[in-house]
Amino acid sequence: MSAVLDTKPSRSEAGFDWLPVVAGLLLLYLPTFYDMATRSWIKDDHAHGPIILAVLIWLIWDKRQPLLDAPTRTAPIPGLAVLVFGLFLYVVGRSQEVTLFEVGSLIPILAGVLLAMRGWPGLRALWFMLFFIFYLIPLPGFIVDAMTLPLKQNVSAIAAQILYALGYPVAHEGVILNIGQYQLLVADACSGLNSMFSLSALGLLYLYLKRYKSRLHNALILASLLPIAFCANIVRVIILVLVTYHFGDAAGQGFVHRFSGMVLFISALIVMLVLDAILATFFKRQQMVR
Amino acid sequence: MMRSNRMALLIAALMIAASIGAVVARPVMNAANPESTFLLEAMIPKHFGDWREEQERIVHIINPQDQTLLAKLYSQLVTRTYVNADGYRIMLSVAYGSDQRGSLGAHEPELCYPSSGFILHRREAMQLTTQYGEIPVRRLFTSKGQRVEPVTYWLRIGDRVVRGWQRRLVELRYTLSGRVPDGLLFRVSSIDPDQARANKLQDQFVNQLLQSVSSTDRKRLSGLGDT
């Protein structure tokens, strides 16, 4: 009986010990997120940012119990070491406008705070949230540059080949598709990098929430995410080319262009869910055989 | 419980220190060259040496997508076609950006040309000799269908012309001293299957251009001159 009584006040007190930490985090990252909200999130290629942030906050809320519970054994030394490293990254990133460091510093800072406040169990409870922070970091320019061009070239080449096989008068030079009297530039946004990024984030979150026991099941879904996003993007480019070819330039650049991105993303998501459903029945049957 | 509270206060104190540190360590914009305001358009003469800007020039169709990207990367961009007495044409493109950090940095022509459907056949690093010193340039030999286009270009970051990894080094040096490096990409090209002739005329073009501008502007364009 006394044990039950004991836990209650200590739990609420343990919740209060987070207040200075939360205040410190807000001081560090409110300016960062304000900058991102006014600069990068309003652009198409980082529009997923606020959603990722909301998911992160939900992931913390979901695991609030181990955080509110009184600490059993903390790990202050490793915790403070990781925290100080993270703060160093933050100072460099924020002052030199290296977004990779500025936002990326959240990972060591939160990991350090968890270790120092709640020890290894606290860190373990929130490992996925820490990992998911990766998706909040805008892809650094050099990676985007290195991936966009090869992706665009592949997308153009494959789209041109498929259209040619379908009997359309099509040719491509680099990232420029010539079809009929139209010359279409496969723009950076058409590389599919963003849809790959978003779909893999959603897929990971989905797998985390599903908590499949089978490693193979998880691995198969993971491995399928990027190919699905890549194929969906090729279908999207082909559809846009065909719309332009049959209905004119205005149609291809207008409403359909914006809409196609959304439709294809949802289609890719459905393909992933269908694949998961098939795998789920397969793995369930396997378990029953055992 | 007491220990946990004390830890929380220590963490908050560290965070406040980092937050102040980030504000203090912020560099002053373009402390490198306070007289950094200049107009590229007016700086490069329309007529110098044997060369004169061609007025009725071939219309370059720039895709709107390209233009927004360019506007993002470069604060100033001059593209002109010059012609000499023999009717030889050289295309000049100078892009200036006041902030070369991270994703704002200049894109090298090795990337631009292939993405416009050009094939990059050869890439050479060499020194372009001028009377003011040598410029470490790159020469590209590109083609697109029948159009063969040798290119000579250099990239100035901060106070010097850099090639390859030197760029990161100069950027790092600027960053460590709390300054923001600016950058200028200077590119000349001609549609000419004869690479040797093209490079010779491009070198002559560069030399005559550098002779016709003031020493401040020469420094801005090529990094050459006393520091």
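Residues numbered from 1 in each chain as written. Chains lettered and ligands numbered in written order. Predicted model: local features only at pLDDT ≥ 70, side-chain atom pairs only at ≥ 80, totals over all residues. Heavy atoms only, no water.

## What about the packing of helix 2 (residues 19-39) of chain A against helix 5 (residues 76-96) of chain A?
All names here are of chain A.
At step 1: One way to put it is that helix 2 packs onto helix 5 with a least axis distance of 12 Å and a crossing angle of 40 degrees. On the basis of their axis angle, the class for helix 2 and helix 5 is oblique. Both helix 2 and helix 5 take part in a crossing whose hand is left-handed. When helix 2 is examined against helix 5, the residues Leu28, Tyr29, Pro31, Thr32 and Asp35 are found in contact with a partner set consisting of Leu87, Tyr90 and Arg94.
At step 2: Tallied by class, the residues present in the contact of helix 2 with helix 5 amount to five nonpolar, one polar and two charged. (Axes fitted to C-alpha atoms, helices over the stretch in contact; angles between N-to-C directions. Helix = DSSP H or I, 4+ residues; strand = E, 2+ residues; numbered from the N terminus. Parallel < 35°, antiparallel > 145°, perpendicular 65-115°, else oblique. Left-handed = near helix turned anticlockwise from the far one by under 90°. Contact = heavy atoms within 4.5 Å. Nonpolar A, V, L, I, M, F, W, Y, C, P; charged D, E, K, R; others polar.)

## Thoughts on a nonpolar patch on the surface
Residue and element names in this part refer to chain A.
At step 1: A surface patch of nonpolar side chains, about 470 Å² in accessible area, is lined by Met262, Ile266, Ile270, Val274 and Ile278.
At step 2: Within the secondary structure, Ile266 is located in helix 13 (residues 255-289).
At step 3: On the basis of relative accessible area, Ile266 is assigned to the partly exposed category, the value being 42%. (Patch = residues over 30% accessible without salt bridge, like charges linked within 9 Å, V, L, I, M, F, W, Y side chains within 5 Å. Areas by Shrake-Rupley, 256 points an atom, 1.4 Å probe, with all protein chains shown as cover. Salt bridge = Lys/Arg side-chain N within 4 Å of Asp/Glu carboxyl O. Buried < 20%, exposed > 50% of the residue type's maximum accessible area, 1.4 Å probe, protein only.)

## Quick look at the sheet that holds strand 1 (residues 170-173) of chain A
All names here are of chain A.
At step 1: Ordered by their spatial adjacency, three strands build an open sheet running 1-2-3, and the pairing between neighbours is antiparallel. Each end of this open sheet is capped by a strand with a single partner; those strands are strand 1 and strand 3 (182-185). If you compare each strand with its neighbour and ignore which way they point, the axes differ by 20 degrees on average. (Pairing = 2+ DSSP bridges.)

## Some remarks on the nonpolar core
Where a protein is soluble and globular, its nonpolar side chains tend to be buried together.
At step 1: Counting 51 residues, the largest nonpolar core has Val21, Ile109, Val113, Phe132 and Leu136 of chain A together with Ile11 and Met15 of chain B as its most contacted members.
At step 2: At the level of secondary structure, the elements contributing two or more residues to this core comprise helix 2, helix 3 (49-62), helix 5, helix 7 (106-125), helix 8 (127-132) and helix 10 (193-210) of chain A together with helix 1 (2-24) of chain B.
At step 3: Looking at this core, the element that brings in the most residues is helix 7 of chain A, giving 11 residues.
At step 4: Setting aside residues up to four positions removed in sequence, Val21 of chain A forms contacts with Val113 and Met117 of chain A together with Ala8, Ile11 and Met15 of chain B. (Core = buried A, V, L, I, M, F, W, Y, C linked by side-chain atoms within 4.5 Å.)

## Some remarks on the layout of surface pockets
All names here are of chain A.
At step 1: Of the volumes computed, that of the second largest pocket is approximately 750 Å³.
At step 2: Lining the second largest pocket are 26 residues, with Val22, Leu25, Ile57, Ile60 and Leu110 sitting closest to its centre.
At step 3: For the lining of the second largest pocket, the elements supplying multiple residues, two or more each, are helix 2, helix 3, helix 4 (64-68) and helix 7.
At step 4: Element by element, the count of residues in the lining of the second largest pocket is highest for helix 2, at eight residues.
At step 5: Considering only residue class, the lining of the second largest pocket consists of 24 nonpolar, one polar and one charged. (1 Å grid on protein atoms, 1.4 Å probe; cavity = no way out; pocket = protein on both sides within 12 Å on 5 of 7 lines; lining within 4 Å. Points joined across faces, edges and corners; volume = space filled by probe spheres on them.)

## Structural notes on the pairing of strand 4 (residues 89-97) of chain B
Residues and elements named next belong to chain B.
At step 1: Burial analysis of strand 4 places eight of its nine residues in the buried class, which makes it a mostly covered element.
At step 2: In terms of strand pairing, strand 3 (residues 76-83) meets strand 4 through eight bridges, oriented antiparallel. Residue pairing across strands places Thr79 opposite Ser93, the latter belonging to strand 4.
At step 3: Adjacent in sequence and paired antiparallel, strand 3 and strand 4 are bridged by five residues, among which Gly87 carries a positive phi angle near 85 degrees.
At step 4: Where strand 4 and strand 9 (residues 183-189) come together, seven bridges link them in antiparallel fashion.

## Regarding unusual backbone geometry
Trans is the prevailing form of peptide bonds, just as negative phi is the prevailing case for residues other than glycine.
All names here are of chain A.
At step 1: Here Arg211, not a glycine, exhibits a phi torsion of approximately 50 degrees, which is positive.
At step 2: Of note, Arg211 is situated in the loop between helix 10 and helix 11 (215-247).
At step 3: Residue classification places Arg211 among the partly exposed residues on the basis of a relative accessible area of 47%.

## Quick look at the pattern of salt bridges
At step 1: Considering all chains together, one arrives at 15 salt bridges over all chains under this definition.
At step 2: One continuous salt-bridge network, built from bridges that share partners, spans Glu41, Lys46, Glu53 and Arg80 of chain B.

## Points about empty space enclosed by the protein
Residue and element names in this part refer to chain A.
At step 1: For the structure on display, the rule yields one cavity of 30 Å³ or more.
At step 2: Size it by volume and the largest cavity reaches roughly 30 Å³.
At step 3: In this structure, the largest cavity is lined by Met36, Trp41, His46, His48, Gly49, Tyr135, Leu136 and Pro138.
At step 4: For the lining of the largest cavity, the class distribution of residues is five nonpolar, three polar and no charged.

## Here we look at the packing of helix 5 of chain A against helix 7 of chain A
Residue and element names in this part refer to chain A.
At step 1: Packing of helix 5 against helix 7 leaves a shortest axis separation of 7 Å and a crossing angle of 160 degrees. Classified by the interaxial angle, the pair formed by helix 5 and helix 7 is roughly antiparallel. The crossing of helix 5 and helix 7 is left-handed. Counting all contacts with helix 5, which are made through Pro76, Pro78, Gly79, Val82, Leu83, Phe85, Gly86, Leu87, Leu89 and Tyr90, the residues of helix 7 involved are Pro108, Ile109, Ala111, Gly112, Val113, Leu115, Ala116 and Trp120.

## Thoughts on helix 11 of chain A
Since one α-helical turn is 3.6 residues long, residues separated by three or four positions face the same way.
Residue and element names in this part refer to chain A.
At step 1: Taking 1.5 Å per residue as the helical rise, helix 11 with its 33 residues ought to reach 48 Å, and the 48 Å between its terminal C-alpha atoms agrees with that figure.
At step 2: Its axis deflected by about 30 degrees at Leu225, helix 11 carries its strongest bend there, up to four residues before the proline Pro227.
At step 3: The opening residue of helix 11, the one whose side-chain oxygen lies 3.3 Å from the backbone nitrogen of Leu216, is Ser214. (Expected span 1.5 Å × (residues − 1). Bend = angle between axes of the 7 residues up to and from the residue. Polar contact = N/O pair within 3.5 Å; in protein donor to acceptor, adjacent residues only side chain to side chain.)

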